[in-house]
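Close look at the chain arrangement
Next come the chains, spelled out residue by residue.
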Amino acid sequence: MADQDVVLKATGLSKRYRIGSKVNSDLTVRKQIVDFLMRPVQRFKDIRSLSNFTEEEANESVFWALNDVSFEVRRGEVLGIMGANGAGKSTLLKVLSRIVTPTSGEFWYKGTTSSLLEVGTGFNGELTGRENIYLNGAILGMRRHQIDKVFDEIVDFSGVERFIDTAVKRYSSGMTVRLAFSVAAHLDPDILILDEVLSVGDAQFSQKSMKKMESVAQDGRTVIFVSHSASAVSRLCHRAIFLGAGAITASGSVEQITGIYLGDTVHTRAEKVWDDAVAPSAEGLVKLISVKIVNKQKETLDIVDIRQSLGIEICFQVLRSGKIILPEFQIVNDEENVLFTSIENRTDWDQSPRDPGLYTAIGWLDGNFLTEGRFSVNISLSSPSPRAVFLTENAILYFQVIDSLIGDSTRCDYGTQVPGLISPRLHWS
């Protein structure tokens, strides 16, 4: 693309905070006006003061929320920003929205911007919903007749029609974010900046929001979107960047960045192999050798596409005969709910004792069964009748299920995760 297609460019953006410094709570109108007028002078002082810090001060009393961040966004592009909590994502959006002044670096953009960074951003609580719609439109440079054309759409989408002439400070947080999102999405800014807003509100509104954002993206609007949802970024964004400790550590395709994000922020363990001396064992009867999460090609995997079959592979050694020994596993979600238990059900082993030797069994889960999220695996070796558990290893494996929205998905039109402990793709007639 040609350079004229770049609509936002950031160069060397950095933001320094002094740890333990006092925050002035004087938020009077006069104070805000003075701060606004003095901002260029203060920014110059901040930049000059960098050279006066000793190395000790820099290490002990200074925190860099952003550190030399540079990137470009082109017209019609939807850029995703991912990273763990505290990585600097929200600080970056506040700088781009001119809410926070960078300590150093610069950025520029073409056209108008609209930001939705948190509940009620840009709203005046003393004004009614109607007045805030017109106020936000005026800030974007829109004339009243332009706002009039989309006013009914904004109100209808937000679902707050009954309270549109009530002061926003009387709204619930859900009502406020619905109206704020509706305003940001309908007032047609050139650049739309969103911080994790699609996860706020109920499932129905999240679904509407996701559809609206898809429509915005297809209309060629430029969007910068911060999210912890790999599936939302996959669904909306053309490319993404990954922030770590205030710096861009990776930039590339959505698939690449969501993979880095999941690996960086989600604890997973797809395989556990024991040394012989420390392998879990039961009274000289049986011991565990290894457990794995595998795909159909028997490759270990800790991040699983929601459509992908996966197997729980249990390798164990029978040390002496005389017992019926069956491997079993439980799948447990992050709320520590046991979703189900599966026990090996081959008739040749559940009816007679096993001979001494090495055994490997795999229990298979079909795709489109588990919902998105992180799961752990409990492993046991047991006997069915009478019921006896010889040994158990809880939370021995961890894996993550994601919905990349490529191909069949149980999500359908949901903008967020489908409610439920599991998410089977059922046959309908």
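Residues numbered from 1 in each chain as written. Predicted model: local features only at pLDDT ≥ 70, side-chain atom pairs only at ≥ 80, totals over all residues. Heavy atoms only, no water.

Let's shift gears to the overall build of the protein chain. A tally of helices and strands in the protein chain yields ten helices and 19 strands. Across the 429 residues of the protein chain, 46% fall into the buried class. Partitioning the contacts of the protein chain with sequence separation of at least 6, the portion at a separation of at least 24 is 73%. Only carbon and sulfur atoms are counted for the fraction: they give 48% of the accessible area of the protein chain, which is about 22,100 Å². (Helix = DSSP H or I, 4+ residues; strand = E, 2+ residues; numbered from the N terminus. Buried < 20%, exposed > 50% of the residue type's maximum accessible area, 1.4 Å probe, protein only. Contact = heavy atoms within 4.5 Å. Areas by Shrake-Rupley, 256 points an atom, 1.4 Å probe, with all protein chains shown as cover.)

Reading across from one edge, β13-β19-β18-β15-β16 is the order of the five strands in this open sheet, with mixed pairing throughout. This sheet does not close on itself; its edge strands, each paired only once, are β13 (303-305) and β16 (338-343). Averaged over all pairs of adjacent strands, the angle between strand axes in this sheet comes to 30°, irrespective of strand direction. Pairing between strand β15 (residues 326-333) and strand β18 (residues 373-383): eight bridges, direction antiparallel. Residue pairing across strands places Phe329 opposite Ile379, the latter belonging to β18. (Pairing = 2+ DSSP bridges. Axes fitted to C-alpha atoms, helices over the stretch in contact; angles between N-to-C directions.)

Side chains that differ in sign of charge can pair as their charged atoms come close. What the rule picks out here adds up to eleven salt bridges. A salt bridge links Lys9 to Glu72; the shortest N-O distance between them is 3.7 Å. Remark: Glu72 occurs in strand β2 (residues 62-74) and Lys9 occurs in strand β1 (residues 6-18); sequence separation between them is 63 residues. Glu72 serves as the salt-bridge partner of Arg74, at 3.7 Å between the closest nitrogen and oxygen. (Salt bridge = Lys/Arg side-chain N within 4 Å of Asp/Glu carboxyl O.)

A word on the side chain of Arg354. With respect to the helices and strands, Arg354 occurs in the loop between α10 (347-350) and β17 (357-365). Accessibility expressed as a relative area gives 2% for Arg354, which makes it buried. Here Ile325 takes part through its backbone oxygen, which lies 2.6 Å from a polar atom of the side chain of Arg354. (Polar contact = N/O pair within 3.5 Å; in protein donor to acceptor, adjacent residues only side chain to side chain.)

What follows concerns helix α4 (residues 129-139). All of the buried residues in α4 are Gly129, Asn132, Ile133, Tyr134, Asn136 and Gly137. In the core, the buried residues of α4 are packed alongside α5 (144-158) and α6 (173-186). Remark: Gly141 follows α4 within two positions and exhibits a positive phi of approximately 85°.

Moving on, we get to the sheet that holds β2. Strand order in this open sheet of three strands is β2-β1-β4, and the pairing throughout is antiparallel. The sheet is open, and its two edges are formed by β2 and β4 (104-109), each paired on a single side. This sheet shows a mean twist of 15° between the axes of neighbouring strands, independent of strand direction. Inspection of the sheet shows β1 paired to β2 by nine bridges, in the antiparallel sense. Paired with Leu8 across the strands is Val73, a residue of β2. Here helix α3 (residues 89-96) sits on the sheet and contacts β1, β2 and β4; the angle it forms with β2, its principal contact strand, is near 60°.

Before going further, it helps to spend a moment on the pairing of β1. Where β1 and β4 come together, five bridges link them in antiparallel fashion. Bridging across to β4, Leu8 finds its partner in Tyr109.

A few words on the nonpolar core. Ile133 and Leu179 are the most contacted members of the largest nonpolar core, which has 48 residues in total. The dominant element in this core, judged by the number of residues it contributes, is α6, at seven residues. Setting aside chain neighbours within four positions, we find Ile133 in contact with Ile147, Phe151, Ile154, Val155, Ile164, Leu179, Val183 and Leu187. Among the nonpolar cores identified, the runner-up in size contains 32 residues, and Leu288, Ile306, Leu339 and Val377 belong to it. (Core = buried A, V, L, I, M, F, W, Y, C linked by side-chain atoms within 4.5 Å.)

A few words now on empty space enclosed by the protein. Counted according to the given criterion, the structure contains two cavities of 30 Å³ or more. Every residue along the wall of the largest cavity is listed here: Val304, Asp305, Ile306, Gln308, Leu310, Leu365, Asp366, Gly367, Asn368, Phe369, Leu370 and Val401. Tallied by class, residues from the lining of the largest cavity come to seven nonpolar, three polar and two charged. (1 Å grid on protein atoms, 1.4 Å probe; cavity = no way out; pocket = protein on both sides within 12 Å on 5 of 7 lines; lining within 4 Å. Points joined across faces, edges and corners; volume = space filled by probe spheres on them. Nonpolar A, V, L, I, M, F, W, Y, C, P; charged D, E, K, R; others polar.)

All right, on to a nonpolar patch on the surface then. Taken together, the side chains of Tyr17, Ile19 and Phe63 present a nonpolar region at the surface, about 300 Å² in accessible area. Counting through the fold element by element, Ile19 comes out in the loop between β1 and α1 (29-49). For Ile19, a relative accessible area of 54% puts it in the exposed group. (Patch = residues over 30% accessible without salt bridge, like charges linked within 9 Å, V, L, I, M, F, W, Y side chains within 5 Å.)

The grouping of Asp148, Asp152, Glu153, Asp156 and Glu161 at the surface amounts to a negative patch. Along the chain, Asp156 falls in helix α5. With relative accessibility at 62%, the residue Asp156 sits in the exposed group. (Lys, Arg positive; Asp, Glu negative; His and termini not counted. Charge placed at Lys NZ, Arg CZ, Asp CG, Glu CD.)

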